[in-house]
Every structure is written in C-alpha cells, then in structure tokens.
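Listed below are the residues making up each chain.
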Amino acid sequence: MAHVFSIFCKSYAKDVKRVVRLAQSLDQYNKDAIPFYVSCPHGDLGLFKDQLSPFPVELMADEKILEISSSHIQSFEKSMEDFPPHLLQQLIKSEFWRLKISENYLIIDSDSYFIKPFYLNDFMADQHIPYTVIHESKDLLCFAARRGENKILEDYCEIRRKFQTIFQRKGKLFDFGPTPVIWSSKVWEGLHETYALDKGTNIVDMLKAFPCELLWYGEYLLHSQALPLVPIEPLFKVYHYREQFEEGQMLGDNEDVLGNNYFGVVMQSNWNRSLDSRQKVSTGFLNRVKGLIKR
C-alpha cells in the first residue's frame, strides 16, 4: 500500500463542475496534503484533466478499476450482464481497494465540499485504525417526522432489516453513511475473501440483490469485527432534499454555524443543479445556495 489514507471520488462529466468545487475546497483545507484520487469514464479523462489542472489530483479511468475486479472475480463478465447502470458508481467505490493505493480512504461524492481545515487524525483513530461512520440517522428521520414523510422512515427501515437478515444481526437499525465515509481496505477484502467466496457470489451480484454499498460495508464490519470499530458521527452536513435545505436556511444554517460540527456540506445533486447553467433554478433559491457557500 502506498498510503495510510487517501481521498477517493467517483464522478462523471455531468458533475465535473462539482468536482472542481470539491478540489478547490481540498486545496484550501487539506492541511496534511492527503492524496486525492478521482475516477471517471475513460472518455471523460480529457475533460477532467483540463478542468482539474490547477489542483493536485490523481486521475484514473473507471475501466482500470473494473479490469482489476474482473481479474479477481470469477465469471465477472457474466455477472455484469444486465448490471443496472445506476449501480456502477457503487461498484467502482466498492472495488477501489483492489488498486492497493491506500489502506484506508475517504469516499466522497462530487456534490460535497469542505468548509474548514481538516487533518489526517480527523479520520484515523490511530496510525492503523480508521473511524467508522455509524449512527441512527436521527437528523434525517426527525426532518421526515416534522413533514409527515412516513415513506422516508419506511424505506430507511426496510433495507436495513434486509441487511440484518443477511448477517443474522438483531438490534438497532444503523446508518453507515451518507458519504463522505471512511473505509478500510481490510473490510472490503474480508467481505470478498470470507463472505462472497464462501457463498459462491461476488460484489456485483451482491449489489444487484441488495443495492447499498454503505450497508454492505457497515453490516459486514459489525458481523466480522474485521477491525476495531471506533464510531464517529457523519462528517458532513447532508441536505438530502430541497425542503431540508430550505428548512436549514430558515433555522440559520451557514458555514460558520455548520463548521462547529461538520467538516463540509453535501448538496445532493439529484435536486441541486444550481451549478449547471443549462438548467434554470429560481433566483431566490440560487441566492440561498450561494449564501451558504460563501459565508
């Protein structure tokens, strides 16, 4: 392994502006110069290289990760038949460990950015053990309760109960996300070597059956004790829904306030397209987003 810790982002051309914003925040706040890796489809490498040229970023093609996966997973090509495109990002994140670039790493998405200085010891409990994001998602579930959104709670519980059944675990329903999250290569290697192979399966088929890489990691860690679990709350403030962001603005959210408890902000790209000039966003909403970013 070349690094004890690194940062990894899987992205696409449509999110390149967001990756630039993320890279800018890393350039400003990454005080220990933790290596930053970005993966994208081979056809997008030129675009990413051009847009990220001012920043210390290591670029790689998704195909490189998938090629290494195929050399370790029997019947990889057959498993990939009819693989849903929306799960490809989960697969690439889950297989990054095979590159042996880093023992531990922060998985971060394009729609995230840092708002204050951070150091290696914010992610590592000691030289060898990373923190693990594990909690009960009370922030999101309280938001859902206030709005009477019962389906959010139902969906949250349903998939977690399925994973409890897989690993025969009883007790509380945990959330191991949202991203950014801290992962250890030891956990993913153990999931492949002692779970998937023993059951004659692989990560591709596992994601097809139960599509949540965060829960595969977290529940397997609880099941296997592959490394000591040192819990940590979510690293970033995540706005899952536009209404959640607007509620936060009414309550006074800004970078100064959020920086007391979080290292960054996630504006989930499924609703926040304010950085895409091709899509119109109401002026009032756009100003509120810009206000949060600048404060």
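So, how was this worked out
Residues numbered from 1 in each chain as written. Predicted model: local features only at pLDDT ≥ 70, side-chain atom pairs only at ≥ 80, totals over all residues. Heavy atoms only, no water. Helix = DSSP H or I, 4+ residues; strand = E, 2+ residues; numbered from the N terminus. Rg over C-alpha atoms; globule rule 2.2 N^0.38 Å. Buried < 20%, exposed > 50% of the residue type's maximum accessible area, 1.4 Å probe, protein only. pLDDT = per-residue confidence, 0-100. Contact = heavy atoms within 4.5 Å. Core = buried A, V, L, I, M, F, W, Y, C linked by side-chain atoms within 4.5 Å. Phe/Tyr/Trp six-rings, centres within 6.5 Å; stacked < 30°, edge-to-face > 60°. Lys NZ or Arg CZ within 6 Å of the ring centre and 35° of its normal. Pairing = 2+ DSSP bridges. Axes fitted to C-alpha atoms, helices over the stretch in contact; angles between N-to-C directions. Parallel < 35°, antiparallel > 145°, perpendicular 65-115°, else oblique. Nonpolar A, V, L, I, M, F, W, Y, C, P; charged D, E, K, R; others polar.

Participant: Is there a simple way to explain the overall build of the protein in this structure?
Facilitator: When its secondary structure is counted, the protein shows 13 helices and ten strands. A globule of 295 residues ought to have a C-alpha radius of gyration of about 19 Å, and the protein, at 19 Å, matches this closely. Summarising its shape, the C-alpha atoms of the protein cover approximately 55 × 45 × 40 Å along the three principal directions. For the protein, the proportion of its 295 residues judged to be buried stands at 54%.

Participant: Would you take a moment to explain the confidence of the model for the protein for this structure?
Facilitator: A low pLDDT means the predicted coordinates there should not be read in detail. Here the protein averages 91 in pLDDT, while 91% of its residues score no lower than 70. Note that pLDDT drops below 50 for residues 272–295; the model gives that stretch 44 contacts with residues more than four away or on any other chain.

Participant: Sorry if this is basic, but what is going on with the nonpolar core here?
Facilitator: In a soluble, globular protein the nonpolar side chains are often hidden away together inside. In this structure, Phe114 and Trp216 are the most contacted members of the largest nonpolar core, which totals 74 residues. Residue contributions to this core peak at seven residues, all from helix H1 (residues 16–29). Look past the residues within four positions of tryptophan 216 in its chain and what remains in contact with it is Phe163, Ile166, Phe167, Trp188, Leu191, Tyr195, Met206, Leu207 and Phe210. Ranked by size, the runner-up nonpolar core spans eight residues in total, among them Tyr113, Tyr239, Leu258 and Tyr262.

Participant: Can you help me understand the packing of aromatic side chains in this one?
Facilitator: Any pair of aromatic rings gets described here by the distance separating the centres and the angle formed by the planes. Under the counting rule described, the total for this entry stands at 22 aromatic pairs. Judged by centre distance (5.7 Å) and plane angle (65 degrees), the ring pair of phenylalanine 118 and phenylalanine 123 falls under edge-to-face. Each of the two residues, phenylalanine 118 as well as phenylalanine 123, counts as buried. Three or more aromatic residues joined by ring pairs make a cluster, and in this case those are Phe8, Tyr37, Phe96, Tyr105, Trp183, Trp188 and Tyr217. A cation over a ring is seen here: lysine 116 above phenylalanine 263, with NZ or CZ 4.8 Å from the ring centre.

Participant: Got a minute to help me understand the sheet that holds strand E10 (residues 264–267) in this structure?
Facilitator: Within a beta sheet, neighbouring strands are joined by backbone hydrogen bonds and run either parallel or antiparallel to one another. Read across the open sheet, the three strands follow the order E5-E10-E9; overall the sheet is mixed. On the outer flanks of this sheet lie strand E5 (112–114) and strand E9 (236–239), each paired with one strand and no other. Put simply, the sheet's adjacent strands are angled 15 degrees from each other on average, direction ignored. In this sheet, E10 lies alongside E5 in antiparallel orientation, the contact comprising three bridges. What sits directly across from phenylalanine 114, in E10, is glycine 264.

Participant: What's the story with the packing of helix H6 (residues 138–147) against helix H11 (residues 242–251) in this structure? I'm lost.
Facilitator: When two helices pack together, their arrangement is given by the angle between the helix axes and the distance between those axes. Their axes nearest at 11 Å, the elements H6 and H11 cross at an angle of 95 degrees. Relative to H11, the element H6 lies roughly perpendicular. Seen from H6, the contacting residues are Asp139, Leu140, Phe143, Arg146 and Arg147; seen from H11, they are Glu243, Gln244 and Glu247. Of the residues in the contact of H6 with H11, the class split is two nonpolar, one polar and five charged.

Participant: Whenever I open this one, the sheet that holds strand E2 (residues 36–40) confuses me. Can you help?
Facilitator: With mixed pairing, the five strands of this open sheet are ordered in space as E3-E2-E1-E4-E7. Looking at the sheet topology across the chains shown, the edges are occupied by strand E3 (58–61) and strand E7 (181–184). When strand polarity is set aside, the average angle formed by the axes of neighbouring strands in this sheet is 30 degrees. Where strand E4 (residues 102–107) lies against E7, four bridges are found, and the strand directions are antiparallel. Within the sheet, the bridge partner assigned to leucine 106 lies in E7 and is isoleucine 182. Against the sheet, helix H5 (residues 88–95) makes contact with strand E1 (3–10), E2, E4 and E7, and its axis sits at roughly 170 degrees relative to E1, the strand it touches most.

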